[in-house]
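# Breakdown of the fold
So the chains spell out like this:
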Amino acid sequence: MEVQVADPFIELRTGPGRGYPVTQVVERGATVAIVMRRTDWYQVRTEGGIKGWVHRRDMARTLEGTGELLPVADPSLVDFTNHDWEFGLEVGDFGGANAISGYGSYSLNESLSTELHLSHILGDQTNQYIIDIGIVHSIIMPDVKILNRFTPFVGLGTGVLRLEPKAQFAQQLDSRTDQIAYVGAGVKFYLTRQFIARAEYRWHVVFTNRDDNQEVEEWKAGFAFFF
Amino acid sequence: MESRIRIFLLTASAALALASLPATAVRAADADPAADSVPSGDTEEQDQPPVIEPEVERRKVKVPKIDRENFEIGVFGGVINVEDFDANPSYGLRLAYHISEDFFTEATIGQTTVSRNAAEIFFNFDLTRGERQFTYYDVSFGYNFLPGEMFVGRKRAFNTALYVTAGVGGTRFAGDDEFTIALGVGYRMLVSDWLALHLDVRDHAYRSSLLGLEKVAHNLDANIGFTVFF
């Protein structure tokens, strides 16, 4: 893919970052070939075969073969409520124990999505592993400044919890695998580009084979990115 | 008790289903504007021929397909010092995603096998084969705080960055998982545009009472690794 320089000149750096030195300048009218992109930087090759890195804002003022400006659009607030995939990581508290969980989400439509969470619960007496799937309903906020950066959501789901006691509690507690279900609510906040912060609360029920079911509250927060 | 939970879950799911209905209905209405405009064709305005036929061709903005290389995947090997249990060879995998030129997120998983050591002899116990496995993972934020160049001889220069990482994770050792804080510093040298060499030192700290005394165990991992960008 080749573009023509429309600015008086563009600067080529040795690396994809503002700290790397400028070693080459390409003048207006010359063409450069785009090799690849890393974060906000494009690697280009000049007609003379020299490679260098150009920032996105400079590339936005180069022309495609059709004479139009090169579109360098990035994911933005518009995509925040309208994307297919989302991957994230959260850390928090699960009934007094540390919880680390990673998740993937796929949007069915603007407000409904399905999620798969993998959680590792690290407690004083036990280690627990949870895999659960759920359905999430996002509440689309009005398109008003600040407000449109938030997306509250509610969800529910079910999964499996594996509990293993720590070595020193092995005599008092048994390893077991139980079904688990939850209802929850949370909020996502749009940070920048395709990045979001997310916090949520979940109320879990562990269906044990004892007389009583166990109820566990979970709080967690983290970050995610969408595609 | 049981029925209360059932009712709660059922109510929640019913509410969720209802809440999603209006959105679907609105979408259906949006999708069919042509149907509404057909009957209005009989109005007077529509009878007159338009003065100028618009010949505006909408430009299709086609975002060109440019190879994006923001992910980094690779392997590492080195030495990890498992507190109280000697230093042993470690190896693992690293996956990173570069958010910007300054920040990245990274996930690593590594492993070592603790050999027979002084702690076992002194405290007179034996770790089983499974308990000797020391497995650790972490998910971290990284910050490239000193980008630069490294000069090798007269003609070669490589891009480098000194970075710091901070994250959380888990460590499995002696049959237990422990919540772990991982702090590290690393040096990345780009051998080519797609291949990087890493030198990384990371402390995996967790609370342990394995030898009877509750304390924070620091496990320092020093390793060298290769990653490829994709």
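Here is what the cut-offs are and how they apply
All residue numbers refer to position in the chain's written sequence, counted from 1. Lettering of chains starts at A and numbering of ligands starts at 1, both following the order in which they are written. pLDDT decides what is reported in this predicted model: residues at 70 or higher carry local features, side-chain atom pairs at 80 or more are listed and counted, and totals for whole chains, interfaces and linings draw on all residues regardless. Runs of H or I in DSSP of at least four residues are treated as helices and runs of E of at least two as strands, each being numbered from the N terminus. This radius of gyration counts C-alpha atoms alone. The globule rule is 2.2 Å times how many residues there are, raised to the power 0.38. Note on contacts: each residue gets a C-beta atom placed from the backbone, and two residues are in contact if those atoms are within 7 Å. Paired strands are those between which DSSP finds at least two bridges. Lines are fitted to the C-alpha atoms to define the axes, a helix being fitted only along its stretch in contact, and any angle between axes, read from their N-to-C directions, falls within 0 to 180 degrees. Think of a nonpolar core as buried Ala, Val, Leu, Ile, Met, Phe, Trp, Tyr and Cys residues chained together by C-beta atoms that fall within 7 Å. Exposure criterion: with C-beta atoms placed from backbone coordinates, a residue whose C-beta has 20 or more other C-beta atoms within 10 Å is buried, one with 12 or fewer is exposed, and one in between is partly exposed. Marked domain ranges trace back to an automatic or database domain assignment. For this classification, the nonpolar set comprises Ala, Val, Leu, Ile, Met, Phe, Trp, Tyr, Cys and Pro, the charged set comprises Asp, Glu, Lys and Arg, and every other residue, Gly included, is treated as polar.

### Some remarks on the overall build of chain A
Within chain A, the regular secondary structure consists of 2 helices and 15 strands. Scaling as 2.2 N^0.38, a compact globule of 227 residues should have a C-alpha radius of gyration of about 17 Å, whereas chain A reaches 25 Å, well beyond that. Along the longest, intermediate and shortest principal axes, the C-alpha atoms of chain A span 80 × 45 × 25 Å. Sequence-distant contacts, at least 24 apart, represent 47% of the contacts inside chain A between residues at least 6 apart.

### Side note on the overall build of chain B
For chain B, the helix and strand inventory stands at 4 helices and 8 strands. Reading chain B from its N terminus to its C terminus gives the helix and strand order α-α-α-β-β-β-α-β-β-β-β-β. Partitioning the intrachain contacts of chain B with sequence separation of at least 6 by distance along the chain shows that 54% fall at a separation of at least 24.

### Quick notes on the pairing of strand β9 (residues 97–107) of chain A
Residues and elements named next belong to chain A. Here 10 bridges tie strand β8 (residues 85–94) to β9, and the two strands are oriented antiparallel to one another. Counted as the bridge partner of Gly88 is Tyr103 from β9. Counted between consecutive antiparallel strands, the loop separating β8 from β9 contains 2 residues, among which Gly95 sits at a positive phi close to 55 degrees. Two strands pair when backbone bridges link them, and β9 and strand β10 (residues 112–122) are joined in this way by 10 bridges, in the antiparallel orientation. Among the inter-strand pairings, Gly102 is bridged to a residue of β10, identified as Leu118.

### Focus: the pairing of strand β11 (residues 126–138) of chain A
Residue and element names in this part refer to chain A. Pairing geometry for β10 and β11, over 11 bridges, is antiparallel. Looking at β11, one finds that Leu112 is bridged to His137. Taking the residues between adjacent antiparallel strands as the criterion, β10 and β11 are bridged by 3 residues.

### Concerning the sheet that holds β9 of chain A
All names here are of chain A. The antiparallel closed barrel is built from 8 strands, whose spatial order is β8-β9-β10-β11-β12-β13-β14-β15. Across the sheet, the axes of successive neighbouring strands diverge by a mean angle of 25 degrees, strand direction being ignored. When β11 meets strand β12 (residues 150–165), the two strands line up antiparallel, connected through 13 bridges. Bridge pairing in β12 links Val136 to Gly155.

### Focus on the nonpolar core
All names here are of chain A. Judged by nonpolar contacts, the single largest core of 18 residues is most densely connected at Ile121, Leu161, Ile180 and Tyr182. If you list the elements that add at least two residues to this core, you get β9, β10, β12, β13 (176–192) and β14 (195–207). With 4 residues, the top contributor of residues to this core is β13. Those residues within four positions of Tyr182 in sequence are excluded, and the remaining contacts are Asp132, Leu156, Gly157, Arg202, Trp203 and His204. Formed by 13 residues, the second largest nonpolar core is a distinct cluster that contains Ile10, Val26, Val32 and Met59.

### A closer look at unusual backbone geometry
All names here are of chain A. Positive phi, normally seen in glycine, also occurs at Ile146, with a value near 70 degrees. Inspection of the secondary structure assignment puts Ile146 in the loop between β11 and β12. Classification of Ile146 by C-beta neighbours within 10 Å gives exposed; the count is 7. In this model, Arg193 sits at a positive phi of 45 degrees, which is unusual for a non-glycine residue. Relative to the helices and strands, Arg193 is located in the loop between β13 and β14.

### Overview of the domain arrangement of chain A
Entries for chain A in the domain assignment read domain 1 (2–63) and domain 2 (78–226). Once you take the C-alpha centre of each, domain 1 of chain A and domain 2 of chain A turn out to be 43 Å apart.

### Quick word on the interface of chain B and chain A
The extent of an interface is frequently quoted as the accessible surface area lost upon association of the parts. Opposite the 37 residues of chain B that make contact, chain A presents 41 residues. Elements with a minimum of two residues in the side of chain B that touches chain A: α1 (2–30), β4 (133–152), β5 (156–173) and β6 (176–190) of chain B. Of all the elements, α1 of chain B adds the most residues to the side of chain B that touches chain A, at 9 residues. Classifying every residue of the side of chain B that touches chain A gives 17 nonpolar, 10 polar and 10 charged.

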